[in-house]
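Letter by letter, the chains look like this.
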Amino acid sequence: MPPEAPELARREKGGGLLAVFDSPHDAARAIASLRQRGCDDVRAAMPAPYPEVERALGRSPSRIGWITFAGGLAGACFGYLFTSWTSVDWPLNIGGRPLVSLVPYTVIGFECMILFGALTNLTAVLIGAFWSRWRRGLPDRAEFAGNRIGVFVPAAQAGDAPCEALCREAGAVEVSHVA
Amino acid sequence: MSHRELATAGATPAAAGTPAIPDIETPVVASMGLPGPILWTLIVLSGAAAALGGWCWSVQIQRGMVVTGLQNTEGWGVYITNFVFWVGIAHCGTLVSAILFLFRARFRTAVYRAAEMMTVIAVTTAGLFPILHVGRPWFAYWLFPYPNQRHLWVNFKSPLLWDVFAVSTYFTVSAVFLFVGMIPDLAALRARVSGWRSKLYGLLSLGWRNSDGEWRSFGRGYLFFAALATPLVISVHSVVSWDFAMAILPGWHSTLFAPYFVAGAIFSGVAMLITLLIPLRRALGLSDLITRHHLDMLGQLVLFTSLIVAYSYGTEFFLAAFGGTALERSTFAYRAFGSYAPFFWTMVFCNCINPMLLFFKRFRTTTAGLLWVCIPVNVGMWLERFVIIATSLSHNQEPFTWRIYHPSLYEAGITLGSFGWFFFWYLILVKVMPSLSIAELKESAHGEDEEVVAHAA
């Protein structure tokens, strides 16, 4: 079971070990070694989503897809229901066609599905990003947006010397303890 | 030069065999410097054209629709032509950013941001035309369903309403797609720029810090954006085509219209993108990142869609000739040999014959060759929409209503203004926002490294 947010915040206050890498390969190697050693809560900051780093971190898949699906479904329902309701609310005979014509309303239902799905997806991405930012303990350094990768092990998990040695072995250009 | 080669110039050296991360920020920041004299001239000229269009519109508002060449039976003219044309141009961005993303076409990385920017501006431009066309723009909000005292609702059975929903959804989704994709890049650049730009990027990057959790949400969310945008892009021009196809007018009432319009939209959009990218990559100093290889791939897309469009033209005539409807035959004969024949044959040359030059690699890999094909494609695709609209309305089922449509100078001014509006905002946008995806270029360069390492192994 993942630790509760206040517990994570408490741990972060204690700082941790920060290793800086030039290459995603090295960072991935270090993360794999650290996780083998039992450090489950390793975190990383990187200028692009490098697949090997993400694989090494072993995060579970995001649930954004389900949230987007729910948003899209709600949009499609809204599209059909809204058009049907307005047709009944102001009944207008158009060429003798049925008052509630589901076939032409499919266009509106489809567009609403995409619109609601996209906006739900946007909201989920932003909430997910804010949430992960709040719980991480990585120092905010410009180089992690530039050409370096930061790997962070919270103090509660970092066994100091062994972790440091593992990172250096993997090719870290800088290893430091951050408050 | 590949992304990897570019990297070697600016990146921090890494240990042997472990590739470093390329420095994409430097050329991107350099591309956003103050415009040079040529770019300034283009911005001023396009701004002046937009202002001319605005003045023509003000005259139309003042005097009414009588200043246009529109009359009974010819109720649609260059305004709807422009609307369909600009919606078509807008299709390229989503094709390049979403569809090619799902197909894992790596060449899109260097060009998709510029294409997305083009999409957003083109949809905005397209959105002006229904407002212009309704004559009383202050009532344009009647197009949207809203609660009112009279308990009236819009007619959802009308394709025009479908258009309202399709185009407004397309604008929202493409703008969101563009914005979300830019967040990591704005975060990467906020420390590299200063002044108002730094504040703006800091604000728009929403505090992005490149953590793995953020990338996890972003990557998954981006995938679903692409998955949603792909059917959307196909639906939007299908819906636009149904504006015509749902009418029982010869030349319009065809099930072919949806795929034919979608292919045409992608064709014109990619041609416009090439037309924009060739001068811009030089003006912005991005020739090392947007290479001939990228242009070659885009050229192949133009060729492919040109073949679909040519096939559609042929199918239309085939169905008219052998469909057994005299009216349809008459309309298509009028299209090819009637008053609008010069436009029709120019369209055939620009869209079907001239693009065949792209079968030759020499044309796809030289900027002059590509411009020789793509500029006429832009003209040809505008003419295609004009020919579809004008010929069918001029030659409908009732011969006593036949007449030739002559656009007025005000309509011509507004058309020119729309091009000015589009280029003005596009040139501003590529100077204010990063026109390349920094994060994806870094990821892509890394992918190239992986391939090299695997090959060496």
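Residues numbered from 1 in each chain as written. Chains lettered and ligands numbered in written order. Predicted model: local features only at pLDDT ≥ 70, side-chain atom pairs only at ≥ 80, totals over all residues. Heavy atoms only, no water.

This part takes up the overall build of chain A. Each helix and strand in chain A was counted, giving six helices and four strands. When the helices and strands of chain A are listed from N to C terminus, the series reads α-β-α-β-α-α-α-β-α-β. The proportion of buried residues among the 179 residues of chain A is 52%. In chain A, 81% of the contacts between residues at least 6 apart in sequence involve partners at least 24 apart. (Helix = DSSP H or I, 4+ residues; strand = E, 2+ residues; numbered from the N terminus. Buried < 20%, exposed > 50% of the residue type's maximum accessible area, 1.4 Å probe, protein only. Contact = heavy atoms within 4.5 Å.)

Let us look at the sheet that holds strand β3 (residues 149-154) of chain A. All names here are of chain A. Pairing within the open sheet is antiparallel, and its four strands lie in the order β2-β3-β1-β4. Looking at the sheet topology across the chains shown, the edges are occupied by β2 (43-45) and β4 (174-178). Averaged over all pairs of adjacent strands, the angle between strand axes in this sheet comes to 20°, irrespective of strand direction. One ladder, built from three bridges, connects β2 with β3; its direction is antiparallel. The residue bridging R43 from the neighbouring strand is F152, located in β3. (Pairing = 2+ DSSP bridges. Axes fitted to C-alpha atoms, helices over the stretch in contact; angles between N-to-C directions.)

With that settled, consider the interface of chain A and chain B. With 66 residues of chain A at the contact, the number on the chain B side is 56 residues. Both sides of the chain A and chain B interface together cover about 5400 Å² of buried area, and 66% of this is carbon and sulfur. Here chain A is connected to chain B by one salt bridge. A salt bridge links D212 of chain B to R59 of chain A, with the shortest nitrogen-to-oxygen separation between them at 2.8 Å. Secondary structure elements with two or more residues in the side of chain A that touches chain B: α2 (24-36), β2, α3 (51-57), α4 (64-89) and α5 (102-135) of chain A. No other element matches the 21 residues that α5 of chain A contributes to the side of chain A that touches chain B. (Buried area = accessible area lost by both parts, 1.4 Å probe. Salt bridge = Lys/Arg side-chain N within 4 Å of Asp/Glu carboxyl O.)

For L17 of chain A, the position within the fold is in strand β1 (residues 16-21). Between the C-alpha atoms of L17 of chain A and V178 of chain A, which are 161 residues apart in sequence, the distance is 6.2 Å.

F21 of chain A together with F244 of chain B are the most contacted members of the largest nonpolar core, which has 178 residues in total. Among the nonpolar cores identified, the runner-up in size contains seven residues, and V20, L138, F144 and F152 of chain A belong to it. (Core = buried A, V, L, I, M, F, W, Y, C linked by side-chain atoms within 4.5 Å.)

Turning to the confidence of the model for chain B, a few remarks are in order. All names here are of chain B. Per-residue confidence for chain B gives a mean pLDDT of 89, with 93% of residues at or over 70. When mean pLDDT is compared element by element in chain B, helix α12 (residues 341-353) scores highest at 97, while helix α1 (residues 3-10) scores lowest at 43. Confidence drops under a pLDDT of 50 for residues 1-18, and excluding neighbours within four residues, the segment shows 36 contacts in the predicted structure. (pLDDT = per-residue confidence, 0-100.)

Residues and elements named next belong to chain A. In terms of residue burial, β1 counts as a mostly covered element, since six of its six residues are buried. With six bridges joining them, β1 and β3 adopt antiparallel strand pairing. If you follow F21 over to β3, its bridge partner there is I149. Note: β1 against β4, five bridges, orientation antiparallel. Looking at β4, one finds that V20 is bridged to E174.

Turning to the packing of aromatic side chains, a few remarks are in order. Tallied over the entire structure, the rule returns 49 aromatic pairs over all chains. Consider the rings of W208 of chain B and F218 of chain B, whose centres lie 5.6 Å apart with planes at 70°: the pair is edge-to-face. With W208 of chain B in the loop between α7 (195-204) and α8 (212-245) and F218 of chain B in helix α8, this residue pair connects regions lying 10 residues apart in the sequence. We note that W208 of chain B, like F218 of chain B, is buried. An aromatic cluster is present here, built from F78, F82, W85 and F116 of chain A together with W153, F156 and F165 of chain B joined pairwise through their rings. Here R104 of chain B stacks its cationic end above the ring of F101 of chain B, 5.2 Å away from the centre of that ring. (Phe/Tyr/Trp six-rings, centres within 6.5 Å; stacked < 30°, edge-to-face > 60°. Lys NZ or Arg CZ within 6 Å of the ring centre and 35° of its normal.)

Okay, the environment of R403 of chain B next. All names here are of chain B. Among the secondary structure elements, R403 is positioned in the loop between α14 (367-394) and α15 (409-432). Residues R403 and F304 lie 99 residues apart in sequence; the distance between their C-alpha atoms is 37 Å. Not counting residues up to four positions away in its chain, the partners in contact with R403 are G69, Q71, N72, T73, E74 and S394.

In this section: a nonpolar patch on the surface. Residues and elements named next belong to chain A. On the surface, V88, L99, V100 and L102 cluster together into a nonpolar patch covering about 310 Å² of accessible area. As for its position among the elements, L99 is in the loop between α4 and α5. Residue classification places L99 among the partly exposed residues on the basis of a relative accessible area of 34%. (Patch = residues over 30% accessible without salt bridge, like charges linked within 9 Å, V, L, I, M, F, W, Y side chains within 5 Å. Areas by Shrake-Rupley, 256 points an atom, 1.4 Å probe, with all protein chains shown as cover.)

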